[in-house]
Amino acid sequence: MDLSFDDRVAIITGAGGALGRSHALELARRGAKVVVNDLGGSVHGEGGAPAAAQQVVDEIVASGGEAVANFDSVTNPQSIVQSALDAFGRVDILVNNAGILRDKAFHNMSVEDIDAVLDVHLRGAMALTQLAFKLMREQRYGRIINTTSASGLFGNFGQANYGAAKAGLFGLTRVLAQEGARANIFVNAVAPLARSRMTEGLLGDLTDLLDPKSVTAVVTYLAHESCELNGYVYSVAGGRVARIFMAETRGIVLPSLTPEAVRDNFEAINDLDGYFVPGSLTEALEAVQQALKEQL
Ligand SMILES: NC(=O)c1ccc[n+]([C@@H]2O[C@H](COP(=O)([O-])OP(=O)(O)OC[C@H]3O[C@@H](n4cnc5c(N)ncnc54)[C@H](O)[C@@H]3O)[C@@H](O)[C@H]2O)c1
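Residues numbered from 1 in each chain as written. Predicted model: local features only at pLDDT ≥ 70, side-chain atom pairs only at ≥ 80, totals over all residues. Heavy atoms only, no water.

Engineer: Would you explain the layout of surface pockets in this entry?
Structural biologist: Rolling a probe over the atoms, with the probe sized like a water molecule, indicates the empty space that remains. Its boundaries defined by the atoms lining it, the second largest pocket holds a volume of some 470 Å³. Lining of the second largest pocket is provided by 16 residues; of these, Thr-249, Arg-250, Gly-251, Ala-287 and Ala-291 occupy positions nearest its centre. Of the residues assigned to the lining of the second largest pocket, the class counts are seven nonpolar, four polar and five charged. (1 Å grid on protein atoms, 1.4 Å probe; cavity = no way out; pocket = protein on both sides within 12 Å on 5 of 7 lines; lining within 4 Å. Points joined across faces, edges and corners; volume = space filled by probe spheres on them. Nonpolar A, V, L, I, M, F, W, Y, C, P; charged D, E, K, R; others polar.)

Engineer: Even after reading the chapter, I still don't get the sheet that holds strand β6 (residues 185-193), so can you show me in this structure?
Structural biologist: Strands sit in the order β3-β2-β1-β4-β5-β6-β7-β8 across an open sheet of eight strands; the sheet is mixed. Bordering the open sheet on either side are β3 (66-70) and β8 (240-244), each of which pairs with just one other strand. Here the strands of the sheet are splayed against their neighbours by 20 degrees on average, with no regard to which way each runs. Sheet strands in contact with helix α1 (residues 18-29) are β1 (9-12), β2 (33-37), β4 (93-96) and β6, and its direction is about 170 degrees off that of β1. Across the sheet, helix α3 (residues 77-88) is in contact with β1, β2 and β3; its angle to β3 comes to roughly 150 degrees. (Pairing = 2+ DSSP bridges. Helix = DSSP H or I, 4+ residues; strand = E, 2+ residues; numbered from the N terminus. Axes fitted to C-alpha atoms, helices over the stretch in contact; angles between N-to-C directions. Contact = heavy atoms within 4.5 Å.)

Engineer: Sorry if this is basic, but what is going on with the site of the ligand here?
Structural biologist: Contacts to the ligand come from 31 residues, most closely from Asp-38, Asn-97, Tyr-162, Ser-196 and Arg-197. In the environment of the ligand, an oxygen atom lies 3.1 Å from a nitrogen or oxygen atom belonging to the backbone of Gly-17. Within the contact set of the ligand, an oxygen atom lies 3.0 Å away from a backbone nitrogen or oxygen of Ala-18. A total of 810 Å² of accessible area belongs to the ligand in isolation, and the protein chains cover 96% of it. Put simply, the parts of the chain that give the shell around the ligand at least two residues each are α1, α4 (111-139), α6 (160-180) and β6. Residue classes in the shell around the ligand are distributed as 12 nonpolar, 15 polar and four charged. (Near = heavy atom within 4 Å. Polar contact = N/O pair within 3.5 Å; in protein donor to acceptor, adjacent residues only side chain to side chain. Areas by Shrake-Rupley, 256 points an atom, 1.4 Å probe, with all protein chains shown as cover.)

Engineer: So what exactly am I meant to see when it comes to the pairing of β8 here?
Structural biologist: Looking along a regular strand, one sees the side chains alternate between the two faces of the sheet. Both strand β7 (residues 233-237) and β8 contribute to a ladder of five bridges, which runs antiparallel. If you follow Tyr-234 over to β8, its bridge partner there is Arg-243.

Engineer: I tried to follow the packing of aromatic side chains on my own but got confused; where do I start?
Structural biologist: Between two aromatic rings, the relevant description is the distance of the centres plus the angle of the planes. Evaluated as defined, the whole model comprises two aromatic pairs. Taken together, a centroid distance of 5.8 Å and an interplanar angle of 20 degrees make the contact between Phe-245 and Tyr-275 stacked. With a gap of 30 residues between them, Phe-245 in the loop between β8 and α8 (259-270) and Tyr-275 in the loop between α8 and α9 (281-294) connect regions that are remote in the sequence. On the basis of relative accessibility, which here comes to 35%, the residue Phe-245 falls in the partly exposed class. Of note, Arg-8 hangs over the ring of Tyr-141, and the distance from its end group to the ring centre comes to 3.9 Å. (Phe/Tyr/Trp six-rings, centres within 6.5 Å; stacked < 30°, edge-to-face > 60°. Buried < 20%, exposed > 50% of the residue type's maximum accessible area, 1.4 Å probe, protein only. Lys NZ or Arg CZ within 6 Å of the ring centre and 35° of its normal.)

Right under this line is the structure:
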């Protein structure tokens, strides 16, 4: 049976751009009432224009769907939640997708370049999520999808600001997955690769294969009430979907750890054989406890 979103209300930030627009159109096509948020600035976060969000709303309405536009920055999250409450009375789904780039080698990066990127990707998303999360707790239902990036999870030259913000979203996803679970709020993330103005000129002959729609397919599933995944991160690029996770190696346990012992054992410390994917801090601590006890 197709996944439908009748009576669900979704906020999608940065929904005037490539990925956000695609998510908004698809969720609306499947019956969701959508708040299309986008301040319509440049890829570097300068300026703003209502056309970006309005065009997507017009497209949705022309196809018989329901949507309203919000032209504010995610750094003004109250306005975005208020748009959802005024138009549709609730918030069931939040897709944190808005983003900008201010790429530079770290030694040349200004404080403003750092703050602008952290403000949109991390602080804005976090503040908006907190408002939505409170409403979701009250109604005991919610689905939140964050947009992280391989840049932050694996590292990429010239993106210290962006990578730090995107890795921050990974931490937020993991923590909220645990805090929200009992209230039926599930929080996951995607690390996309898709053609957009952000990746213009970077994708080479993969450009045609990297349709934002494939990222939307994963986001749409994660946004559905039948999806019970919680705290997961998926790399999505064209038709490829893979899980990204944080893991620990088995490591070593020595009765007395000295710098020389670390030097002499680094291969064993780094050995990926038998690595472990802790589901929480508690599970990571249990593994430590077990390893330490085994040496007694
Ligand atoms: N395209 C990729 O391959 C790729 C890879 C990794 C991560 N991402 C992430 O995916 C998300 C979407 O990117 P995209 O590729 O569609 O780029 P995009 O530039 O087309 O879309 C981003 C949208 O966010 C909007 N936006 C920027 N600042 C905002 C703010 N303060 N408030 C509200 N809206 C704001 C922009 O106006 C734009 O429409 C971003 O978070 C990006 O970092 C994209």
